Amino acid sequence: KIKNGKDSCPSLSIFEDEIKRIIFDLFVDTHEDVEECIDKQLELLKSVVQTDETPRMNECAKIIQAAKAKKMKLLDLVASGIISENDFSEMNDACTKEIDDAQAIIDGIQNREQMHIDAQHEMAKFKQKLMSAVEQIKNSPDIPMEFIQQYINKIDVTTEERTIKLEFHLFSGEAIEKSFYC
């Protein structure tokens with residue numbers, strides 16, 4: 001097409017400046033939607049974290065404390081000969097299981113809370129990076145390749161007659177379609 005003219009090849013062409021303009025429009029047009037989506041996810045995470053698990057953790061702490069007291073009492077009973085060593089061993093194992101189960105619940109609650117907090121921080125960092133990138137694009141005529149590689153997974157290009165359809169697949173899982181007539 002370049003050597004023999006446009007009549008020698010019926011394909012449609014897209015110039016780099018056109019692609020840059022489309023990518024610019026894509027992020028300027030959709031960043032509010034992405035920001036709103038991130039804000040909703042952050043609110044959802046906050047509501048999950050705000051579920052007060054303190055009463056349940058306190059209950060488990062009381063179970064642990066009571067089981068430890070039982071173990072001490074069992075030790076006194078076996079030392080004074082009131083219960084046999086076999087009975088002591090069985091009851092001691094049951095108390096240890098109570099302690100382990102209650103501690104596992106406490107650990108699970110604490111791990112879940114930490115995961116939610118970490119997720120909130122990651123979402124907030126992602127939002128900040130996205131907003132910074134959009135501002136960078138708005139203030140610069142060129143779109144850095146690092147930006148494209150960070151946010152765009154792939155671009156599918158299809159043509160129908162004189163129309164080019166671009167489908168941008170973002171790493172967020174979203175697909176955005178843009179079409180233009182040549």
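Read on for an overview of the structure. The model shown is predicted, which means the values in this text are computed figures rather than measured ones.

A short note on the overall build of the chain
- Looking only at helices and strands, one finds 4 helices and 3 strands in the chain.
- Taken from N to C terminus, the helices and strands of the chain fall in the order α-α-α-α-β-β-β.
- Looking at the chain as a whole, 25% of its 182 residues are labelled buried.
- Restricting the contact set of the chain to residue pairs at least 6 apart, pairs at least 24 apart contribute 54%.

Things to note about the sheet that holds strand E2 (residues 163-170)
- Pairing is antiparallel across the open sheet formed by 3 strands, whose spatial order is E1-E2-E3. Two strands close off the open sheet at either side, each with one partner strand: strand E1 (152-160) and strand E3 (175-181). Direction aside, neighbouring strands of the sheet carry axes that sit 20° apart on average.
- In this sheet, E3 lies alongside E2 in antiparallel orientation, the contact comprising 7 bridges. Considered in E3, the bridge of Ile 164 is made with Phe 180.

Comments concerning the pairing of E1
- Pairing of E1 with E2 involves 8 bridges; the strand directions are antiparallel. From the neighbouring strand, Glu 160 faces E2, where its bridge partner is Thr 163.
- Linking two consecutive strands that pair antiparallel, namely E1 and E2, is a turn of 2 residues; a positive phi of about 50° is found at Glu 161 within it.

Quick look at the environment of Ala 61
- By the secondary structure assignment, Ala 61 is in helix H2 (residues 54-79).
- Residue classification places Ala 61 among the partly exposed residues on the basis of a relative accessible area of 38%.
- Separated by 38 residues in the primary sequence, Ala 61 and Ile 99 have C-alpha atoms spaced 8.9 Å apart.

About the criteria used
- Residues numbered from 1 in each chain as written.
- Predicted model: local features only at pLDDT ≥ 70, side-chain atom pairs only at ≥ 80, totals over all residues.
- Heavy atoms only, no water.
- Helix = DSSP H or I, 4+ residues; strand = E, 2+ residues; numbered from the N terminus.
- Buried < 20%, exposed > 50% of the residue type's maximum accessible area, 1.4 Å probe, protein only.
- Contact = heavy atoms within 4.5 Å.
- Pairing = 2+ DSSP bridges.
- Axes fitted to C-alpha atoms, helices over the stretch in contact; angles between N-to-C directions.

Bear in mind that shape data such as this cannot, by itself, settle questions of function.
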